[in-house]
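# Chain and residue survey
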Amino acid sequence: MNGPDLDEALWQAWKAMELPEGYRAEIIEGAIEVSPTGRFARSQVVNRLRDALTIYLKGSEYGAWNDTNVIHARRAWIPDGLVAPRDAELIEDEDGLGIKASALSMVVEGVSPGKRNQDRDRIRRRREYARAGTPVHVLIDDYDGQGAVTLFTGPAPTRPTGRTSTGSPTAPTSPSPRAPRRDS
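Note that the structure is predicted; figures quoted are calculated from it, not measured.

### Quick look at the packing of aromatic side chains
Taken as a whole, this structure holds two aromatic pairs when the rule is applied. Measuring from ring centre to ring centre gives 5.3 Å for W11 and W14, while their planes differ by 25°; the resulting arrangement is stacked. On the criterion of helical spacing, the pair formed by W11 and W14 is a turn pair, its members being three residues apart in helix α1 (residues 4–16). Ring centres of W77 and Y129 lie 5.3 Å apart, and the angle between their planes is 80°; this geometry places the pair in the edge-to-face category. Residue W77 is located in strand β5 (residues 75–77), and its partner Y129 is located in helix α4 (residues 115–131); the two are separated by 52 residues in the primary sequence. Each of the two residues, W77 as well as Y129, counts as buried.

### Considerations on helix α2 (residues 40–57)
Here α2 spans 25 Å end to end across 18 residues, near enough to the 26 Å set by a 1.5 Å rise per residue. R42, V46, L49, L53, Y56 and L57 are the residues of α2 that are buried. Within α2, the buried residues cover an arc of 85° as seen down the axis, which keeps them to one side. Turned more than 90 degrees off the buried face of α2, the exposed positions are F40, R48 and I55. Buried residues in α2 make contact with β1 (23–28), β3 (62–65), β6 (81–85), β8 (106–110), α4 and β9 (136–141). Directly beyond the C-terminal end of α2, a positive phi value near 85° is found at G59.

### Observations regarding the environment of G96
Looking at the element boundaries, G96 is found in the loop between α3 (88–91) and β7 (99–100). Given the relative accessible area of 42%, G96 is considered partly exposed.

### A few points about the confidence of the model for the protein
Summing up the model confidence of the protein, the mean pLDDT is 85 and the portion of residues at 70 or higher is 82%. Scored below 50 in pLDDT, residues 169–184 makes 32 contacts in the model with residues more than four places away or belonging to other chains.

### Examining α4
Here α4 is 17 residues long and its end C-alpha atoms lie 23 Å apart, about the 24 Å a rise of 1.5 Å per residue gives. If you check which residues of α4 are buried, you get N117, Q118, R120, D121, R124, R125, E128, Y129 and A130. Taken together, the buried residues of α4 touch β1, β2 (31–36), α2, β5, β8 and β9. Backbone geometry just after α4 places G133 at a positive phi near 80°.

### Here's the deal with the environment of N47
Looking at where N47 falls in the secondary structure, it is placed in helix α2. The sequence separation of N47 and W65 amounts to 18 residues, and the corresponding C-alpha distance is 9.8 Å. Side-chain polar atoms of N47 contact the side chain of R50, separated by 2.9 Å.

### Quick notes on the nonpolar core
Of all hydrophobic cores here, the largest spans 13 residues; its most connected members are V70, W77, L82, I99 and L104. With residues up to four places along the chain from it excluded, the contact list for V70 reads R75, A76, W77, P79, L82, I99, A101 and L104. In terms of nonpolar packing, the next biggest core, distinct from the first, is built from 11 residues, L53, Y62, M106 and V138 among them.

What counts, and at which threshold
Residues numbered from 1 in each chain as written. Predicted model: local features only at pLDDT ≥ 70, side-chain atom pairs only at ≥ 80, totals over all residues. Heavy atoms only, no water. Phe/Tyr/Trp six-rings, centres within 6.5 Å; stacked < 30°, edge-to-face > 60°. Helix = DSSP H or I, 4+ residues; strand = E, 2+ residues; numbered from the N terminus. Buried < 20%, exposed > 50% of the residue type's maximum accessible area, 1.4 Å probe, protein only. Expected span 1.5 Å × (residues − 1). Arc of directions from axis to C-beta. Contact = heavy atoms within 4.5 Å. pLDDT = per-residue confidence, 0-100. Polar contact = N/O pair within 3.5 Å; in protein donor to acceptor, adjacent residues only side chain to side chain. Core = buried A, V, L, I, M, F, W, Y, C linked by side-chain atoms within 4.5 Å.

This is how it looks when you write it as structure tokens:
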């Protein structure tokens, strides 16, 4: 990883960036990555999951979010979806730039087309979420040859792969170990 001076320089550069509409910038593993916003097909899948989570979490202290900066140790990510408490005082980072990674219960990522994007979504993001201690990471991958949903749980900074379970796409049964199951 980078030294503190480079991390601070990347952080300041990221905060000062002004991108054209349709692009986003993230700091992933010590580099600023600029990419277009998600394609329609990926957004459609992620939005369906977010809608299901919104219904499931209705009336709880948790909410389903998307298109939101997640901040951790001078890193910034924009997951396709996430679950976190609704209370801004519990989740907003100190600079008001996004949600603290420590507040996340779950992140959802859809894999983008292209080798570079797939490596970012499948490998680098997974390591970043693990380093931040994100308890649940759902990876929706339409580019693995068959289509798969992989669930990463129990990550730790020293073991960034966590435990996994892969299967075909299904409705979520429990959005997060931090969000209690509610009776209907």
